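Per-entry structural report
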Amino acid sequence: MAFNVIGKTVMKSLFGKPATAMYPVIKNEFYPNTRGNIEVAIDKCNFCGLCSRRCPAGAIEVSKPDKKWEIDRTRCIVCNFCVQVCARDSLSTQRHYTVPMTDKSKRISTSYGQTVQEDA
Amino acid sequence: MGERTIIPFGPQHPVLPEPLHLDLILEDEKVVGAVPSIGFVHRGLEKLVEKRDFHEMMYVIERVCGICSFIHGQGYVQTIEGIFGLEIPDRAKFLRTIWAELSRVHSHLLWLGLMADAYGFESLFMHCWRVREKVLDIFEETTGGRVIFSVCKVGGVWKDIDNETLKRIVEVLNVVEQESKALTDVFIKDFTVQKRTRGVGVLSYQDAIDVGAVGPTLRGSGVAMDLRKLGYAAYGELNFEPIVEKDGDCYARTIVRVRELYQSIDLIRQCVSKIPDGEIEVKVKGNPKGEYVSRLEQPRGQVVYYGRANGTKYLERFRVRTPTFANIPALLKMLPGADLADVPLLALTIDPCISCTER
Amino acid sequence: MAEVQTFHPVTGSEIVNTAKNMLKEGYRLIQICCTKTPTEMDIIYTFEKLNLQCENFKLPVNVGDTLPSISGVFFAAFLYENEIHDLYGVNFTGMAVDFKGTLYETAVKQAFSMTGAENKE
Ligand code: SF4
Ligand code: SF4
């Protein structure tokens, strides 16, 4: 049995740099792999609806007639599955997270396709 | 002989913020019996398997637990691969092993922190979690998530780690090992800590087997049983022995976890030196049909999965038997004879993860 | 990995003796799992030895059946049996600790005894 085994660690924290990051001043660096926001490149999408069928959380809604691609950010669990199933590579995971929201109505973000795709 | 009193323990923050409830039957200060109750946050995730196809379900099963999330995912895909009779590429096996062992490192550091917190060593708790942060950063760098990795898939893994990153992981782990040494010495050597843990809540060798204890709780009582010895994933090619302590008290269970922390770091080193190049996934065709029981070792102990499929893309049943579920009877065996003040400590030494248990 | 797993059939009246035999041979209980599919329903008992060898037994049941509890042989069984009682509505007699249906208080009684087909979103 011994006393004061943590002495060295205590000294280090007393005189060393703080272990935490100075958050608002220094922003956290994300890694290239970080899974953040799901974004859609709407002009590549052909509204096949595969992503919405495969999403385990049911966060995506796709409507072919309206050319609408819609995601509920608060339902999405950022599992990356939609990105992997999309055959046209139109989805991607961003490196930053969804920004916190105070208003529930902002949770859905909708994109409309502009160009008419080959035979809708 | 004193009068008998019943004291409710939990479910509001019993010792860690999870809803475990015990009705403690006390005689003066001594516990003579306990009745557990769980089920405060039962989620019924197992049932969801009938509505999500078997690829999607992987992401749901991962969310059973926020600490051993990777191993839940791994267990799920192993069960499905077992039903398919699928053999995955060696590199995928090693990658899974590396992530699983990293999970163990971070889980044990987390537990050591909680343990320190339970007997009032608040700054030790923070130091443990400071070290753990490095491991979480590795996760974020390699998988994209700090807690939920989503890298397993039926037939392999989604992401590869290139060999340079693997080398860097080992370097980070060297630092983690060095820094944890300074902290774990406190758990092993400190006088006050030993006062709290030695001889408290003894679970004898025979009792540990009879009540079906698993994981470090079992090994702390001298039973050399470690599911990794089954040789699933890449464990068959690694060199290790189950870590066993004889005493069966809180101290022994702590030491088992401390030593497993270093063992895991060593296993990752072995993996990195042995990992072969090659594919990381095989194509999966068709739907599973059949049933399969798979067993894995989680940081908290053995976990059992059972899956049954009927040839459609939806499974009929997927069951998760989590380690805490098996350790609750062990906790009931430990409690009689303990002081009321030691109950939080005892509840913590089985490393309860109620969110797993209430899958 | 892909070893073949067998599920030995067993009936309700034999289960306690089977459990006793397994105990004698040095096995311990690691899980009891109930499965309900649209066509069949059964309970799987998994036993495991210290050398990691494992045996499965399959017991066909129906909702509302009464089975003898094996918690007299393996203490740990009581949690699984209470769970099955609460979620599937199979009754057990002689459980070491009987929660009388309060282990999981679900909004729908015996929530797991409905299968996916009957319980669509
Ligand atoms: S994002 Fe991809 S998967 Fe989803 S509808 Fe568009 S093309 Fe189809
Ligand atoms: S990341 Fe996962 S949860 Fe989110 S929208 Fe894509 S599939 Fe759905």
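A short tour of the structure in this document, coming up. (Residues numbered from 1 in each chain as written. Chains lettered and ligands numbered in written order. Predicted model: local features only at pLDDT ≥ 70, side-chain atom pairs only at ≥ 80, totals over all residues. Heavy atoms only, no water.)

Looking only at helices and strands, chain B has 12 helices and eight strands in total. In terms of overall size, chain B behaves like a compact globule, its C-alpha atoms giving a radius of gyration of 20 Å where 359 residues would be expected to give roughly 21 Å. With respect to the principal axes defined by its C-alpha atoms, chain B has extents near 70 × 45 × 35 Å. Scored against the burial criterion, the 359 residues of chain B give a buried share of 66%. (Helix = DSSP H or I, 4+ residues; strand = E, 2+ residues; numbered from the N terminus. Rg over C-alpha atoms; globule rule 2.2 N^0.38 Å. Buried < 20%, exposed > 50% of the residue type's maximum accessible area, 1.4 Å probe, protein only.)

So, about the site of ligand 1. All residues in the neighbourhood of ligand 1 are listed as Cys45, Asn46, Phe47, Cys48, Gly49, Leu50, Cys51, Trp69, Cys86, Arg88, Ser90 and Leu91 of chain A. Residues that form the shell around ligand 1 fall into these classes: eight nonpolar, three polar and one charged. (Near = heavy atom within 4 Å. Nonpolar A, V, L, I, M, F, W, Y, C, P; charged D, E, K, R; others polar.)

Our next topic: the packing of aromatic side chains. All names here are of chain B. Enumeration according to the criterion identifies 18 aromatic pairs over all chains in this entry. With centroids separated by 5.9 Å and ring planes inclined at 50°, the aromatic side chains of Phe70 and Trp99 adopt a geometry described as tilted. In this pair, Phe70 sits in helix α2 (residues 69-84) while Trp99 sits in helix α3 (residues 90-118), placing the two residues 29 residues apart along the sequence. The residues Phe70 and Trp99 share a single accessibility class, namely buried. An aromatic cluster is present here, built from Phe70, Trp99, Phe139 and Phe149 joined pairwise through their rings. (Phe/Tyr/Trp six-rings, centres within 6.5 Å; stacked < 30°, edge-to-face > 60°.)

As a further point, take the site of ligand 2. Residue and element names in this part refer to chain A. Lining the immediate environment of ligand 2, one finds Ile38, Cys55, Pro56, Ala57, Ile60, Ile71, Cys76, Ile77, Val78, Cys79, Asn80 and Cys82. In this structure, ligand 2 is accommodated by the largest cavity. Across the shell around ligand 2, the residue classes tally to 11 nonpolar, one polar and no charged. (1 Å grid on protein atoms, 1.4 Å probe; cavity = no way out; pocket = protein on both sides within 12 Å on 5 of 7 lines; lining within 4 Å. Sits in = over half its atoms within 2 Å of the grid points.)

Below, the discussion takes up the sheet that holds strand β2 (residues 27-36) of chain C. Residue and element names in this part refer to chain C. An order of β1-β4-β3-β2 is seen for the four strands of this open sheet, with the pairing classed as mixed. Only two strands of the sheet have a single partner each, and these edge strands are β1 (7-9) and β2. On average, each strand axis in the sheet is inclined to that of its neighbour by 25°, with strand direction left out of account. Contacts between helix α1 (residues 15-24) and the sheet are confined to β2, β3 (41-49) and β4 (54-60), with β4 contributing the most and set at about 175° to the helix. Its contacts with the sheet place helix α2 (residues 77-88) against β2 and β3, and it is angled at close to 5° to β2. (Pairing = 2+ DSSP bridges. Axes fitted to C-alpha atoms, helices over the stretch in contact; angles between N-to-C directions. Contact = heavy atoms within 4.5 Å.)

With that out of the way, let us pick up the pairing of strand β6 (residues 289-298) of chain B. Residues and elements named next belong to chain B. Taken across its 10 residues, β6 has seven buried, putting it largely inside the fold. Bridging between β6 and strand β7 (residues 301-310) involves 10 bridges; their strand directions are antiparallel. When the sheet's bridge partners are listed, Val293 is paired in β7 with Tyr306. Hairpin connection between β6 and β7: a loop of two residues separates the two successive antiparallel strands.

Counting residues at the interface gives 25 residues for chain A, matched by 30 residues for chain B. Summed over both partners, the interface of chain A with chain B buries about 2,300 Å², with 57% contributed by carbon and sulfur atoms. The interface formed by chain A and chain B contains two salt bridges. Glu56 of chain B is paired through a salt bridge with Arg54 of chain A; the nearest N and O atoms lie 3.7 Å apart. (Buried area = accessible area lost by both parts, 1.4 Å probe. Salt bridge = Lys/Arg side-chain N within 4 Å of Asp/Glu carboxyl O.)

Attention shifts here to the interface of chain B and chain C. Across the contact, 50 residues belong to chain B and 46 residues belong to chain C. Interface area for chain B against chain C, summed over the two sides, is near 4,000 Å², with a carbon-plus-sulfur share of 60%. Applying the counting rule to chain B against chain C returns five salt bridges. The residue Arg295 of chain B makes a salt bridge to Glu48 of chain C at a minimum N-O spacing of 2.5 Å. On inspection of chain B and its partner chain C, the count reaches 13 residue pairs in polar contact (both at pLDDT 80 or more). Broken down by secondary-structure element, the contributors of at least two residues to the side of chain B that touches chain C are β3 (30-37), α2, α7 (205-210), β6, β7, β8 (315-321) and α10 (323-334) of chain B. Partitioning the side of chain B that touches chain C into residue classes produces 23 nonpolar, 10 polar and 17 charged. (Polar contact = N/O pair within 3.5 Å; in protein donor to acceptor, adjacent residues only side chain to side chain.)

Bringing the nonpolar core into the picture now. Tyr76 of chain B together with Ile43, Tyr45 and Ile70 of chain C are the most contacted members of the largest nonpolar core, which totals 157 residues. Looking at which element gives the most residues to this core, the answer is α3 of chain B, with 15 residues. Discounting chain neighbours no more than four positions away, the residues touching Ile70 of chain C are Ile15, Val16, Ala19, Leu29, Ile32, Tyr45, Ala77 and Glu81 of chain C. In terms of nonpolar packing, the next biggest core, distinct from the first, is built from 13 residues, Ile38, Trp69, Cys82 and Cys86 of chain A among them. (Core = buried A, V, L, I, M, F, W, Y, C linked by side-chain atoms within 4.5 Å.)

Moving on, we get to α2 of chain B. Residue and element names in this part refer to chain B. Taking 1.5 Å of rise per residue, 16 residues should cover 22 Å, and α2 covers 23 Å from first to last C-alpha, within 8% of that figure. Burial analysis of α2 places 15 of its 16 residues in the buried class, the great majority of the element. Downstream of α2 by one or two residues, Gly85 has phi in the positive range, about 70°. (Expected span 1.5 Å × (residues − 1).)

What follows concerns the layout of surface pockets. Taken as a whole, the largest pocket holds about 1,100 Å³ of empty space. Lining of the largest pocket is provided by 29 residues; of these, Ala19 and Thr20 of chain A together with Arg130, Glu133 and Lys134 of chain B occupy positions nearest its centre. Take the lining of the largest pocket: its biggest share by element is nine residues, from helix α4 (residues 122-143) of chain B. (Points joined across faces, edges and corners; volume = space filled by probe spheres on them.)

All names here are of chain B. For the pair α3 and helix α5 (residues 163-189), interaxial distance at closest approach is 12 Å and the crossing angle is 25°. Accordingly, the angle class assigned to the pair α3 and α5 is roughly parallel. For the pair α3 and α5, the crossing hand works out as left-handed. Between α3 and α5, the contacting residues are Arg91, Ile98, Leu102, Leu109, Leu112, Met115 and Ala116 on the first element and Asn163, Leu166, Leu173, Val176, Ser180, Thr184 and Phe187 on the second. Class assignment for the residues of the contact of α3 with α5 results in 10 nonpolar, three polar and one charged. (Parallel < 35°, antiparallel > 145°, perpendicular 65-115°, else oblique. Left-handed = near helix turned anticlockwise from the far one by under 90°.)

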